[in-house]
Amino acid sequence: MPGLTSESDDLAMVPVSPESEKQPVVIYPLRHGLKSPIHRLSFSWACGNTLRVSVFQKPQSEKADGDGEAGGRVVEVKLSNSGDEEVDAARWRRMAYNSVTPFALLQSRKHSLSAASRMSLDIPPYKTEWWEHVIEYSKEISSLLSDRKPPPKSIIEDPKSVEIAAPMCLKAAWELLEIFYVDKQSQSWIPERLLDWLADYNSLFSGTLPTIHSKLVDFQQELVGVQVVEEDPNYWDAMSSALAVGWLETVVKLLRLHGSYRFDQLSSRETENGLVEAVAVLISKMPRMRPSLREDNLGECYKTKPDFMKAWEKWRTQISKLDCSSYWLQCDHRQTREGLKNLIQIMLGNPTVLSNATFNWMELFISHFLYIRPFTAGLESMHNSAQKCMQVKPVSISHKLFGLILGILGENTEVVLAECSRSFGPWMMAHAVELLTAGSTYAEILLHEEHSKLGGVSIEELHRLVYAQVLSSHALTWQIAPIYLTSCIKQGIGLLENLLYKQPVQHSQILLKSIEICRLYELDTINSNIMRIAGVHHWRHGRKGSGVFWLQQARDEFRLNRIAKQLFDFVGKSVSDEGFKQWEGLIELLGSESRTAGGLEFLNKYRDFRRSLLQVHGDTPTDTARNAAEALVSLMKNPSTPQRFWLPLLYDSLKLLMWQERPLVNVSQTQLLLNKLQELSMARLRPDFVEADLPSDALSSVRLALATNLGRAILEE
Amino acid sequence: MAVLTSSSQNLQVHRFPQESYIDSLRWLPQLSAFHRHIILAAFDSESSTSSLQILNSSNSSSNPPELTFQSSLTTPSRITSLTTSQNPNKPLIAASTFSGSLLLYTADLVNGSLEFVDSVDGKGFHLGRVNGIDVSENGSEFVSVGEDGRINWVSFVGGGLSTRKVFDSNGLVSYGAVKWASPVEFVSGGLGFGLQWWDQRRPGGPVSQFKANWTRGTTSGIVHSIDIHPSRKHTCLAGGSSGTVFAWDLRWQQQPIMLSGVGTSDLSILSPSESDVWEVQYDNYTTSSNYRNVSESRVLPAMICSEDGILAVIEQGEEPIELLAEPCAINSFDIDRQNPSDIVCSLEWESIAILTRS
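Residues numbered from 1 in each chain as written. Chains lettered and ligands numbered in written order. Predicted model: local features only at pLDDT ≥ 70, side-chain atom pairs only at ≥ 80, totals over all residues. Heavy atoms only, no water.

As annotated in an unreviewed UniProt entry, chain B carries the name Nuclear pore complex protein NUP43 and comes from Solanum commersonii. Under the Subcellular location (unreviewed entry) heading, UniProt states for chain B: "Nucleus". (UniProt positions renumbered as here; feature names shortened; annotations may be inferred.)

Per an unreviewed UniProt entry, chain A is named Nuclear pore complex protein Nup85, and its organism is Solanum commersonii. Chain A has a UniProt comment under Function (unreviewed entry) that states "Functions as a component of the nuclear pore complex (NPC)." Regarding chain A, the relevant UniProt record gives this comment under Subcellular location (unreviewed entry): "Nucleus, Nuclear pore complex".

Given below as structure tokens:
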């Protein structure tokens, strides 16, 4: 975590004032472990959001070299987010992981649907199917935004305090998009959905704005100490506020705390209690234009507008009747009378009372839906209503969700995009675009249109690319970036190539992951390039086996031939009889196929020859010796046997060439060997010839042996 | 956390998100029927630190299992491989690291704590990544193999570790996995689907080598994991690249028994995975009582986990039983030895899954 450095050995080179300004300075301590003074610093970007800092000390000529202290050090600093985000890093990664599957599923469905409909998703049967897929996607994403376990249920009466974890702005924003763009079935009851939305997320505004939620929370704490609630003005205020935004169950619960319900007072406050109960019943019978209620919610549902209107009129008549009732005169508890009258005014839609009961324009906006204009439909009228509410209750600090709501209500896709991008970041942009394009044809055109100033990509693709960049910058999420990159038609593959090339090949797990990604997306060229890079890396670091393996996998004949030369130098020196064990593994790896071994298959034959030669002693049967001789001839015949091995091979096989019993090499074979020897003598004249490390008479003794053998072989034949 | 029920077998899956990447994990020996411990090698990418963690897994038949964090110790380097001895009182935990060291810890299961015992590192041990490590049955002998081509034998005697070099190929080969076959024999595996059989009574090099001919012409691969069943010490089970799982029987050395893999021309093999098989273990669950009845020539059923997110049981000539199909890789798994119905596995997306078969 960034913080002020406290280590004594870390030297602050730039003075930092402890008072944080408007933009607090984030300090990352460098643990370079060098003694002061530091001579020079050099900065460069390492992988992702890691900064590489090279710290140099002044070269000290007077000091002896052997004091063991480093002259400099390279340290890497991971620049993390400054910490005011609502999602911490681990949770953010989980979100990133979990959104992969829904996203990938939606993309593949889009492909198969557009393949089926040939051109566009606008043809009705496909359109409906597409809607269902988008809704499913939206619900899944929404659910992963609240994966925390709900806390144990609160014992305090106020149900609004029972929150299921801390809701996130991100989820609130996602749900807004879902309500307005995706969920076609709820189009007719958008006001009610907004009401639910506000009930879920009102607490999000509490930090920056006065809200009903914070008021209720305050009152709830107060409630514990209050003896006679109905005499507390906050009790009535809390209820009118809760009623204004439609939290009916809260109001009814609070009403039932009224003192007149107490057993000992029931008889003396009968009329008063009757009025309280009448209001409670009216509240709980409020008609709602929605298919069903959420758990614990009150009201009566109506699915069609005519039914709802009829019920609404009836309900209002009942309220008016109660308002004019003569029982009020018999109620001598002033606070109760006034408080209940106030609640009735809210239900009758008195604008002043509603305005007093709410704290910001959003709450007022919802209360207007509920009590003044219950038949509002269409974004335009909602937008007008919102504008009016804002005039009544202007906000000094605009909340990011307000900006989004106004953009949506104003049917301004550009504003919605800008708000999403500004407030909710790349994750939101990459995933929410699907909702926007599904929701309006205009948005679809806007987002899918290719822009030349964006390098020919559409806005949709741009946001996916940006998100993929964010994923790429982290060691644990880079491997999900390909899923987003491959959904980008124009630039995706190019960036995926870059991403794969940037991965460190020395880490075998990352190497294998890169190869797996190449396999999945059929990136054969990149695959062999990565394997080639890995091969060269391992070879250079002395892991010859791994080097050869990866170059073989990459089918890189050129480099295999190059390293074969180096390897032969090595072999010539170290393949003594006992050291050969070491080579076994590598030779096994090489196999005997010339196709992928790049001349290295010579080693395989060479090994076989050495093995058979080792078995040959003075008293071995001739057949064994003959096998060894055959191996020798085939090695010498093989064009891939390096010239420098010819003489050592022949010299090692002197005992075969001078076999006592009978000649093991026939005339033509001997002639071949003599020819090779001749070729070798010619080659010795060339300046680049490397002399084998053999006794000086080696050549002449081989020549003599071959000549003798030729003579014997001719006689035999 | 989700519960999934498979049709072929009653299977319960519980997932537990973690806040760091899990390099490897193992069950620790069971202390009581209701409390078991899991040891994790975790890597925190934010701070670039790695640690060993002990988690307590409470398990009762009625409630879903719960995982609670018990203790953790920071390790000097990232862990590549974990192995545990089955001593129920104070099990030893050996870990091999990226930086070429071997770390030894003991776990106190009563308090759920970890204690550092000893470590081996330095130029004489391994240079670079140690890829594989295994502990002998008696819990005092370790063998480690590395990408540097070294094989080391480490003994735990008198409270400390002493090490001896078995072989050094000087980088001419790299090893990926190792497994004890007997107190003096072990099998190593690595590049080119190669396996090497080592016998300490015949030092100097591998006693026997295997390189399958079936890889010729097609893509070759790397052995990532080896297992040997205590009752069938002549057969070595190996898993690696391209979904390849095969058994190598010392008595029929030239021909491997193919269990899975896409690199083979034999189409009758139903391969559950197409990418790297990270771990193989014999699965004693289905045959725990009657594995002796399984014909000698048949390979015992084995469980694999793979890069493409598959956890499956494969059996020679049978269709594989898929236990999990995840959208991300399954890095590591372990079957509880005392309770083979229970499996724990680590998922690439920073979570753990516990599976219970019934």
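Let us look at the overall build of chain A. Helix and strand counts for chain A come out as 31 helices and seven strands. A burial count over chain A gives 48% of its 717 residues as buried. Considering only residue pairs separated by 6 or more positions, chain A has 63% of its internal contacts joining residues 24 or more positions apart. When the accessible area of chain A is evaluated, it comes to approximately 35,600 Å², of which 54% is carbon and sulfur surface. (Helix = DSSP H or I, 4+ residues; strand = E, 2+ residues; numbered from the N terminus. Buried < 20%, exposed > 50% of the residue type's maximum accessible area, 1.4 Å probe, protein only. Contact = heavy atoms within 4.5 Å. Areas by Shrake-Rupley, 256 points an atom, 1.4 Å probe, with all protein chains shown as cover.)

Quick look at the overall build of chain B now. Of the regular secondary structure elements, chain B holds zero helices and 28 strands. Counting every position in chain B, which comprises 358 residues, the buried fraction comes to 63%. Across chain B, every contact between residues at least 6 apart in sequence was considered, and the portion connecting residues at least 24 apart equals 48%.

As a further point, take the sheet that holds strand S25 (residues 321-325) of chain B. Residue and element names in this part refer to chain B. Strands sit in the order S22-S23-S24-S25 across an open sheet of four strands; the sheet is antiparallel. A single partner strand is all that each edge strand has here, and the edge strands are strand S22 (277-282) and S25. If you compare each strand with its neighbour and ignore which way they point, the axes differ by 15 degrees on average. One ladder, built from five bridges, connects S22 with strand S23 (residues 302-306); its direction is antiparallel. The partner of valine 280 across the bridge, within S23, is isoleucine 304. (Pairing = 2+ DSSP bridges. Axes fitted to C-alpha atoms, helices over the stretch in contact; angles between N-to-C directions.)

Ranked by internal contacts, the top residues of the largest apolar core, which has 209 residues, are A:Leu177, A:Trp197, A:Leu255 and B:Leu311. Of all the elements, helix H16 (residues 413-439) of chain A adds the most residues to this core, at 13 residues. (Core = buried A, V, L, I, M, F, W, Y, C linked by side-chain atoms within 4.5 Å.)

As a further point, take the side chain of B:Gln53. Within the fold, B:Gln53 resides in strand S4 (residues 49-58). Ignoring any residue separated from it by four or fewer positions in sequence, one finds B:Gln53 in contact with B:Ser20, B:Ile38, B:Ile39, B:Leu40, B:Ala42, B:Phe69, B:Ser71 and B:Ser72.

For the rest of this paragraph, the subject is the interface of chain B and chain A. Counting residues at the interface gives 45 residues for chain B and 40 residues for chain A. Buried surface at the junction of chain B and chain A, summed over both partners, amounts to about 3,700 Å²; 52% is from carbon and sulfur atoms. For chain B, the biggest contributors to the area lost against chain A are B:Glu46, B:Leu172 and B:Trp349; these three give 20% of the whole. Taken together, the connections running from chain B to chain A amount to five salt bridges. Measuring nitrogen to oxygen at the nearest pair gives 2.4 Å for the salt bridge that ties A:Lys513 to B:Glu307. Linking chain B with chain A are 14 residue pairs in polar contact (both at pLDDT 80 or more). Listed by contribution, the elements that provide at least two residues to the side of chain B that touches chain A are strand S13 (160-168) and strand S17 (208-211) of chain B. A breakdown of the residues in the side of chain B that touches chain A according to their chemical character gives 13 nonpolar, 18 polar and 14 charged. (Buried area = accessible area lost by both parts, 1.4 Å probe. Salt bridge = Lys/Arg side-chain N within 4 Å of Asp/Glu carboxyl O. Polar contact = N/O pair within 3.5 Å; in protein donor to acceptor, adjacent residues only side chain to side chain. Nonpolar A, V, L, I, M, F, W, Y, C, P; charged D, E, K, R; others polar.)

Bringing unusual backbone geometry into the picture now. Unlike most non-glycine residues, A:Arg555 shows phi in positive territory, near 55 degrees. Within the element layout of this structure, A:Arg555 appears in the loop between helix H23 (544-553) and helix H24 (557-574). Located in the positive-phi region is B:Ser242, a residue other than glycine, with phi close to 55 degrees. Secondary-structure assignment places B:Ser242 in the loop between strand S19 (235-240) and strand S20 (245-249).

As a further point, take the environment of B:Ser45. Within the secondary structure, B:Ser45 sits in the loop between strand S3 (35-44) and S4. We classify B:Ser45 as buried; its relative accessible area is 2%. For the pair B:Ser45 and B:Phe16, spaced 29 residues apart in sequence, the C-alpha to C-alpha distance is 19 Å. In this structure the side chain of B:Ser45 is engaged in a polar contact, spanning 3.2 Å, whose partner is the side chain of A:His474.

A water-sized probe, rolled over the atoms, reveals where empty space remains. Summed over the entire model, instances satisfying the criterion amount to nine cavities of 30 Å³ or more. Those elements giving two or more residues to the lining of the second largest cavity turn out to be helix H25 (580-590) of chain A together with strand S16 (194-199) and S17 of chain B. Considering only residue class, the lining of the second largest cavity consists of five nonpolar, six polar and two charged. (1 Å grid on protein atoms, 1.4 Å probe; cavity = no way out; pocket = protein on both sides within 12 Å on 5 of 7 lines; lining within 4 Å. Points joined across faces, edges and corners; volume = space filled by probe spheres on them.)

Residue and element names in this part refer to chain A. A complete count under the given rule lists zero disulfides over all chains for this structure. Residue cysteine 324 stays outside any disulfide, its sulfur separated by 16 Å from that of cysteine 331, the closest cysteine. In this structure cysteine 331 comes out as buried when scored by relative accessible area, which is 1%. (Disulfide = S-S within 2.5 Å.)

With 14 residues, helix H3 (residues 169-182) of chain A extends 19 Å from end C-alpha to end C-alpha; this agrees with the ideal 20 Å at 1.5 Å per step. Most of H3(A) is tucked away: 14 of the 14 residues are buried. (Expected span 1.5 Å × (residues − 1).)

So, about the packing of aromatic side chains. Inspection of every chain in the model, using the stated rule, returns 28 aromatic pairs over all chains. Seen from their ring centres, A:Phe219 and A:Tyr235 are 6.3 Å apart, and the 40 degrees between their planes marks the pair as tilted. Remark: A:Tyr235 occurs in helix H6 (residues 233-244) and A:Phe219 occurs in helix H5 (residues 212-223); sequence separation between them is 16 residues. Taken individually, A:Phe219 and A:Tyr235 each receive the classification buried, so the pair is uniform in this respect. A centroid spacing of 6.3 Å and a plane angle of 75 degrees characterise the contact between B:Tyr175 and B:Trp198, whose relative ring orientation is edge-to-face. Residue B:Tyr175 is located in strand S14 (residues 175-182), and its partner B:Trp198 is located in strand S16; the two are separated by 23 residues in the primary sequence. For the pair B:Tyr175 and B:Trp198, one class covers both residues: buried. Three or more aromatic residues joined by ring pairs make a cluster, and in this case those are A:Trp197, A:Tyr201, A:Phe205, A:Trp361, A:Phe365, A:Phe369 and A:Phe402. Against the face of A:Trp189 rests A:Arg193, its NZ or CZ located 6.0 Å from the ring centre. (Phe/Tyr/Trp six-rings, centres within 6.5 Å; stacked < 30°, edge-to-face > 60°. Lys NZ or Arg CZ within 6 Å of the ring centre and 35° of its normal.)

All names here are of chain A. With respect to the helices and strands, the residue glutamate 192 is situated in helix H4 (residues 190-205). We classify glutamate 192 as buried; its relative accessible area is 7%. Separated by 97 residues in the primary sequence, glutamate 192 and methionine 289 have C-alpha atoms spaced 7.2 Å apart. With residues near it in sequence (within four places) discarded, glutamate 192 still touches Arg288, Met289, Arg290 and Leu370.

Moving on, we come to the packing of helix H30 (residues 667-683) of chain A against helix H31 (residues 698-716) of chain A. All names here are of chain A. The contact between H30 and H31 brings their axes to 9 Å, and the two run at 155 degrees. Taken together, the axes of H30 and H31 are roughly antiparallel relative to one another. Note on packing geometry: the crossing formed by H30 with H31 is left-handed. Counted together, Val667, Thr670, Gln671, Leu673, Leu674, Leu677 and Ser681 of H30 and Leu699, Val702, Arg703, Leu706, Asn709, Leu710, Ala713 and Ile714 of H31 form the full contact between these two elements. By residue class, the composition of the contact of H30 with H31 is 10 nonpolar, four polar and one charged. (Parallel < 35°, antiparallel > 145°, perpendicular 65-115°, else oblique. Left-handed = near helix turned anticlockwise from the far one by under 90°.)

All names here are of chain A. Mapped onto the elements, tyrosine 261 comes out in the loop between helix H7 (248-255) and helix H8 (270-284). Separated by 16 residues in sequence, tyrosine 261 and glutamate 277 have C-alpha atoms that sit 9.1 Å apart. Not counting residues up to four positions away in its chain, the partners in contact with tyrosine 261 are Leu255, Arg256, Leu266, Asn273, Val276 and Glu277.

A word on the sheet that holds S20(B). Each strand in a sheet pairs with its neighbour through backbone hydrogen bonds, running either in the same direction (parallel) or in the opposite one (antiparallel). Residue and element names in this part refer to chain B. Here we have four strands laid out as an open sheet, ordered S18-S19-S20-S21, and antiparallel in their pairing. Two strands close off the open sheet at either side, each with one partner strand: strand S18 (223-227) and strand S21 (257-260). Taken over all neighbouring pairs, the strand axes of this sheet differ in orientation by 25 degrees on average, direction set aside. The pairing of S19 with S20 spans five bridges and is antiparallel.

Residues and elements named next belong to chain A. Taking 1.5 Å per residue, 17 residues should reach 24 Å; helix H22 (residues 524-540) reaches 24 Å between its end C-alpha atoms and fits that length. Within H22, burial applies to Ile526, Asn527, Ser528, Ile530, Met531, Ala534, Gly535, His537, His538 and Trp539. One or two positions beyond H22, positive phi appears at glycine 542, with a value near 85 degrees.

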